[in-house]
Amino acid sequence: MATFLYRLGRGAFRRRGLVALIWVALLFAAGFGAASAGAPSSGSFSIPGTEAQKAFDLLDKRFPGMAADGATARIVIKAPAGAKVTDPGPKAEVQKIIDDLKSGPGKDQISSVTDPYQAQAVSQDGSTTYISTKYKVSGMELTDATREALKDSGTEAQEHGLTVEIGGDALMAAPETGSGEVIGILIAAIVLVITFGSLIAAGLPLLTALIGVGIGISSITALANVLDLGSTTSTLAMMIGLAVGIDYALFIVSRYRTELAEGRERDEAAGRAAGTAGSAVVFAGLTVVIALVGLSVVNIPMLTKMGAAAAGTVVIAVLVALTLVPAILGFAGKKVLPAGQKSKLFGKGKPAGDKPKVNGGTRWARFVLRRPVMVLLAGVIGLGVVAIPASKLEMGLPDDGAQPVSTTQRKAYDLLSDGFGPGFNGPLMVVVDGGKELADKTVDQIKGLDGVAAVTPPMLNKDGDAAIINVIPKDRPSSTQTEDLVHEIRNGSGDEVLVTGATAMNIDFSQKMNDALLPYLALVVGLAFLLLMLVFRSVLVPLKAALGFLLSVVAALGAVVAVFQWGWLGSLFGVEQTGPIMSMMPIFMVGVVFGLAMDYEVFLVTRMREAYVHGERPGQAVVTGFQYSARVVVAAAVIMIAVFAGFIGASEQMVKMIGFGLAVAVFFDAFVVRMTIVPAVLALLGHKAWWLPKWLDRLLPNVDVEGESLRKHLAAESADGPDGPDGPEGPGKDRELVNA
């Protein structure tokens, strides 16, 4: 592989104009496709194999149109103190809202508007009522005129003293990341400038990463409606694609500068950078792709599509790093070098083999080697303490109750809870696959349960062979009492009675996440273990990498629980409302963080392996690995943390939580696990760290990430051959190309 990537990188450098043109053409093509595509929908949500999904499927068959996934809105109206919504004045204002909705700008997208007085949607004390509005399309597909008409529908009523707030998904909009994302990119730029000491070298990873992300996001947007991709899919792909895109380019550019410092010609340096650092990029990218595509084992279409789309963006980032980065290095010339080195590295560089001076990475590695047990214990105990809150993890899916208290959706949610009871925002829909007799019997059974506040009479379909029963729990949707009620209804009924609705879907979704976590973990860690065994030719190094990852991801989950569930430092991170952790967060963090964690394992330990293969003792190999790689790995980690942390400013709680979780996880994994625990463990293991049974060594193919076969190949070619001194592609030709 190293030889193939060497030729690819050198070829891209020499044909830089063509390579750059191809990537720019791809960017424009993807951009044109995105601009031509319609507005993306919110994405359909289904959970195959669950009772809630079976109920929805039955509902769609027996009550055609009832299970349509159009947007809904609840306009909640509360009368002023001392008045009731049934009084003539408030009643007239409510009727005017209904008339405005039916005749306003968004009337063509409305399928129904329910009169609250006819539907008996008035609280017992008469203070609160609500208008249910159903639309023909999803919230993301509503026109701006329709959305504005909904927002303005209660303006006049508010002027007459009524409180009007709007809930439901009709006001759903694409998540906004705010200025945090821009700040994250600016921090990444500053780190790159400090790392490289050159504006051109710093700008190159940013430029190539933005091109890669631009192609990935535009492609997702172009295919969003065809593949039914949700609005969050592109945000996730941008988050991961931007982070790995910058990091992968950073490692290629860094290795290129190292090769130049050893006196290589520019195209030769580009080829060697692609053959060595590029090999690490390929395997690091593969671990991320495995982790993201592996989300398909959960068997939730939305999660599968999110993972596949993000994995596609990572593949683009790898291809950009291997081809576009060497091509742009060809255009950049000497400008990628620090100001003080631009005049002395070409033809006057350090002799090949000279080692860099002692740096911070060297000093840190030597410190760890002197006190490996103390460092190991400090790292493990520290992460263990941070992980403690994870034992109290509560999972659920966010609803309007998780919205910031300043939003109209949250205010509408609270008004309904106050007027109709806390369970009103999470009604259960019981679908009975039978006639009136079975439906009446089911109603009587449900009324006898403790957690029930109200049960509506059964609504039969046209054929009289199915019925719908609405159940209002006593407790809020995310409470354990409501979850127990769902299980009670299911356990006390036969297969003909199914419980669904948003609350039941959330319960089933959380259970499916829990059930899939261990199989997913086994699949992802198992495949990545085999991949790392190929890379490092060792059993213990991949095992240590996997165990270190588990420690960092549990610690990161502990931090997420402390901030988003308990509210610790919540105001610092813009958390206005605490609540259960999003159900997909643990399995999502396992997938994404594992892939990203292996990046640093590959980049850092590959240099150690390279030094060990070339004859250095285990301890010295650790020092050498840190001497060459620590500065770049630290820079890459800070960049990735900055990019993820930029999404903490997002308007959507899900994106905010993912950004925080990934930023914290990368911090723990890069600085505590990879930079601290890993060298301590390698110091204690010594030669055993690189042990591989001989029979297994013969079975495993040699992928040569450290470039040993590449060196032999180049040494043979330099002696004689087409790339040798007398061949058409020899050094003389190289110099002609460089001078040109």
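Residues numbered from 1 in each chain as written. Predicted model: local features only at pLDDT ≥ 70, side-chain atom pairs only at ≥ 80, totals over all residues. Heavy atoms only, no water.

### Comments concerning the confidence of the model for the chain
Basically, it comes down to this: As a per-residue measure, pLDDT tells how confident the predictor is, with possible values from 0 to 100. We call two residues in contact whenever any of their non-hydrogen atoms come within 4.5 Å of each other.
Averaged over the chain, the pLDDT score is 82; the fraction of residues at 70 or greater is 89%. Here residues 342-354 is modelled with pLDDT under 50, and outside its nearest four sequence neighbours on either side it reaches 19 contacts, counting other chains as well. Low confidence marks residues 722-740, where pLDDT is under 50. Its contacts with residues over four positions away, or in another chain, come to 30 contacts.

### Some remarks on the pattern of salt bridges
How we decide: Note on definitions: salt bridges are taken to be side-chain nitrogens of Lys or Arg within 4 Å of carboxyl oxygens of Asp or Glu. The numbering of helices and of strands both runs from the N terminus, where a helix is a DSSP run of H or I of at least 4 residues and a strand a run of E of at least 2. The classification of residues rests on relative accessible area computed with a 1.4 Å probe and restricted to protein chains. Under 20% of the type maximum is buried, over 50% is exposed, and intermediate values are partly exposed.
Under the counting rule described, the total for this entry stands at 19 salt bridges. Where Arg-14 meets Asp-267, a salt bridge forms, and the shortest distance between an N and an O atom there is 2.9 Å. Of this pair, Arg-14 sits in helix H1 (residues 2-14) while Asp-267 sits in helix H10 (residues 266-293), placing them 253 residues apart in sequence. Assessed through its relative accessible area of 1%, Asp-267 is described here as buried. Glu-148 serves as the salt-bridge partner of Lys-151, at 3.8 Å between the closest nitrogen and oxygen. Here Glu-148 and Lys-151 lie together in helix H5 (residues 144-152), a separation of three residues that amounts to about one turn. Connected through shared salt-bridge partners, Arg-255, Glu-259, Glu-262 and Arg-264 make up one network.

### Some points on empty space enclosed by the protein
Put simply, the test is: For each structure, a 1 Å grid was placed over the protein atoms alone; sets of points admitting a 1.4 Å probe that cannot get out are labelled cavities, open sets with protein on both sides within 12 Å along at least five of seven lines are labelled pockets, and lining residues have an atom within 4 Å of a point. Grid points are joined across faces, edges and corners, and a volume is the space filled by probe spheres set on the points. Lys, Arg, Asp and Glu make up the charged group, whereas Ala, Val, Leu, Ile, Met, Phe, Trp, Tyr, Cys and Pro make up the nonpolar group; the residues left over, Gly among them, are polar.
Enumeration over the complete set of coordinates arrives at one cavity of 30 Å³ or more. Of the pockets and cavities examined, the largest cavity occupies roughly 40 Å³. If you trace the largest cavity, you find it lined by Thr-208, Ala-209, Gly-212, Val-213, Gly-241, Gly-245, Thr-313, Ala-317 and Val-320. Looking at the lining of the largest cavity, the elements with two or more residues in it are helix H8 (199-227), helix H9 (231-261) and helix H11 (301-332). A breakdown of the residues in the lining of the largest cavity according to their chemical character gives four nonpolar, five polar and no charged.

### Some points on the sheet that holds strand S4 (residues 163-167)
Adjacent strands of a sheet pair through backbone hydrogen bonds, lying either parallel or antiparallel. Our working rule: The rule for pairing is simple: two strands pair if DSSP sees at least two bridges between them. The angle between two axes is taken between their N-to-C directions and runs from 0 to 180 degrees, where each axis is a line fitted to C-alpha atoms and a helix contributes only its stretch in contact.
Taken together, the four strands give an open sheet; going across it, the order is S2-S3-S1-S4, and neighbouring strands pair in antiparallel fashion. Because the sheet does not close on itself, it has two edges, and the strands there are strand S2 (110-113) and S4. Between one strand and the next, the sheet's axes are offset by a mean angle of 20°, whatever the strand orientation. Pairing geometry for S2 and strand S3 (residues 128-135), over three bridges, is antiparallel. Residue pairing in the sheet places Ile-110 in a bridge with Tyr-135 of S3. Seen against the sheet, helix H14 (residues 408-420) touches strand S1 (72-78), S3 and S4 and runs at an angle of roughly 110° to S4.

### Regarding a negative patch on the surface
Note the cut-off: Residues enter patches when they are more than 30% accessible in relative terms and free of salt bridges; like-charged ones are connected within 9 Å and nonpolar ones (Val, Leu, Ile, Met, Phe, Trp, Tyr) within 5 Å. Under the convention used here, a 1.4 Å probe and the Shrake-Rupley method define accessible areas, while residue burial counts only the protein chains that appear. We score Asp and Glu as negative and Lys and Arg as positive, and we do not count His or the chain ends. Taken as the charge location is NZ of Lys, CZ of Arg, CG of Asp or CD of Glu.
On the surface, Asp-450, Glu-483, Asp-484 and Glu-488 cluster together into a negatively charged patch. Looking at the element boundaries, Glu-488 is found in helix H16 (residues 480-491).

### Describing the packing of helix H17 (residues 502-536) against helix H18 (residues 540-565)
As a reminder, the rule being used: Relative orientations are named as follows: roughly parallel for angles under 35 degrees, roughly antiparallel for angles over 145 degrees, roughly perpendicular for angles from 65 to 115 degrees, and oblique for any other angle. Handedness of a crossing is defined here by the sense of rotation of the near helix relative to the far one, left-handed for an anticlockwise turn of less than a right angle and right-handed for a clockwise turn.
Contact geometry of H17 with H18 gives a least axis separation of 8 Å together with a crossing angle of 140°. By the angle class used here, H17 and H18 are oblique. Along this stretch, H17 crosses H18, giving a crossing that reads as right-handed. Every residue of H18 that contacts H17 at Leu-521, Val-525, Phe-529, Leu-532, Met-533 and Phe-536 is listed here: Val-541, Pro-542, Leu-543, Ala-545, Ala-546, Phe-549 and Leu-550. Broken down by class, the residue content of the contact of H17 with H18 amounts to 13 nonpolar, no polar and no charged.

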